[in-house]
Amino acid sequence: MLSRSLRVASQRRFLSSTRILANKVSHTEVKTAQDLSEVTDASSLIGPGAKPGTIPTDWDQSTGLQRLELLGKKEGVDVFDMEMPITEGKGTMNDPFLVPTYMGYRYVGCKGTAEEAHKPYWMKVEEGKPSRCWHCGTVLKAKYLGEPGMAH
Ligand SMILES: [Zn+2]
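Per-chain numbering applies: the sequence of each chain, read as written, is numbered from 1 onward. Reporting in this predicted model follows two pLDDT cut-offs: at least 70 for local features of residues, and 80 or more for side-chain atom pairs to be given and counted; totals over whole chains, interfaces and linings ignore these cut-offs and use all residues. To get the side-chain values, all heavy atoms of the structure are used, and hydrogens and water are removed first.

Along the chain, Ser131 turns up in strand β4 (residues 131–132). Two N or O atoms count as a polar contact when they lie within 3.5 Å, although within protein this holds only if one can serve as hydrogen donor and the other as acceptor, and sequence-adjacent residues are included solely when both atoms are side-chain atoms. A distance of 3.3 Å separates the side chain of Ser131 from the backbone oxygen of Lys124, its partner in a polar contact. The residues contacting Ser131, other than those within four sequence positions of it, are Met123, Lys124, Val125, Glu126, Thr138, Val139 and Leu140. By the criteria applied, helices consist of DSSP H or I runs no shorter than four residues and strands consist of E runs no shorter than two, each listed in order from the N terminus. Contact between two residues is taken to exist if any of their heavy atoms lie within 4.5 Å; hydrogens are not considered.

Structure below.
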């Protein structure tokens, strides 16, 4: 038990010393992002911590993805895209539904149209080729939102 905690401690020291070396030229304190536009990388997603004697709130101490989600909620942005329906397109061959993706593809479950529902049919919707639901004929197409050339 003791040896394991020692090993963790020495790894931490190694990581922090390499970071200091990398920042040697211009050592700047990483700022806690106060809103989504200030998020630069994972190190800006660390809370300020609670004042002594108080119980920390999520805002004080949450980090990482939880903090990113919290920042989004403050601004009404659903960062993990849990609720947003697909609103672009009509679902036809000429005007397919556009499925936002940051990877070049996305799995989508079609449950039918407003007129006729069916059991969920799962499709891999890829960039560049329309996907068609074989139950109701709805057509979907991927819309890549990431940086150009970074898909896959
Ligand atoms: Zn369908």
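Moving on: the pattern of salt bridges. Each reported salt bridge corresponds to a side-chain nitrogen of Lys or Arg within 4 Å of a carboxyl oxygen of Asp or Glu. In this structure the tally under the stated criterion is five salt bridges. Across the pair Glu69 and Lys73 runs a salt bridge whose closest N-O atoms are separated by 3.6 Å. Taken together, the residues Glu69 and Lys73, both in helix α3 (residues 64–75) and four residues apart, mark about one turn of the helix. Given the relative accessible area of 30%, Glu69 is considered partly exposed. Overall, the relative accessible area of 60% leaves Lys73 in the exposed class. When the shortest N-O distance is used, the salt bridge between Glu88 and Lys143 registers 2.8 Å. Residue Glu88 is found in the loop between α3 and β1 (97–101), and its partner Lys143 is found in strand β5 (residues 139–144); the two are separated by 55 residues along the sequence. Accessibility here uses a 1.4 Å probe with only protein chains present; expressed as a share of the type maximum, an area under 20% marks a residue as buried, one over 50% as exposed, and anything in between as partly exposed. The class of Glu88 is partly exposed, set by a relative accessible area of 37%. A relative accessible area of 29% places Lys143 in the partly exposed class.

Put simply, buried Ala, Val, Leu, Ile, Met, Phe, Trp, Tyr and Cys residues joined by side-chain atoms within 4.5 Å make one nonpolar core. Ranked by size, the top nonpolar core spans eight residues in total: Val99, Val108, Cys110, Met123, Val125, Cys133, Leu140 and Ala142. Mapped onto this core, the elements with two or more residues apiece are β2 (105–112), β3 (117–126) and β5. The contact partners of Val125, leaving out residues within four places of it in the chain, are Val99, Gly104, Tyr105, Arg106, Val108, Ser131, Leu140, Lys141 and Ala142.

Let us now look at the sheet that holds β5. With mixed pairing, the three strands of this open sheet are ordered in space as β1-β5-β4. On the outer flanks of this sheet lie β1 and β4, each paired with one strand and no other. Between any two strands, at least two bridges found by DSSP are needed for them to pair. Across five bridges, β1 lies against β5 in parallel orientation. Paired with Val99 across the two strands is Ala142, which belongs to β5.

For the protein chain, mean pLDDT is 80; residues scoring 70 or higher make up 77% of the total. Looking across the protein chain, the model is least confident in helix α1 (residues 2–22), with a mean pLDDT of 49, and most confident in β4, with 94. Predicted confidence is poor over residues 8–15, with pLDDT under 50, and the contacts of this stretch with residues over four places away or in other chains come to zero contacts. Scored between 0 and 100, pLDDT is the confidence that the predictor attaches to each residue.

Turning our attention to the UniProt feature "binding site: Zn(2+)" (unreviewed entry) in the protein chain. UniProt positions are given in the numbering used here, feature names are shortened, and annotations may be inferred rather than shown by experiment. Under the UniProt annotation, the feature "binding site: Zn(2+)" (unreviewed entry) is placed at Cys110, His118, Cys133 and Cys136. Taking the farthest pair of C-alpha atoms as the criterion, the annotated set spanning 27 residues converges on one region, since that pair is 10.6 Å apart. Along the chain, Cys133 falls in the loop between β4 and β5. A relative accessible area of 1% places Cys133 in the buried class. Apart from residues lying up to four places away in sequence, Cys133 is in contact with Cys110, His118, Tyr121, Met123 and Thr138. Summarising the element assignment, Cys136 is placed in the loop between β4 and β5. Judged by its relative accessible area of 27%, Cys136 falls in the partly exposed class. Filtering out sequence-adjacent residues up to four positions away, Cys136 remains in contact with Cys110, Gly112, Thr113 and His118.

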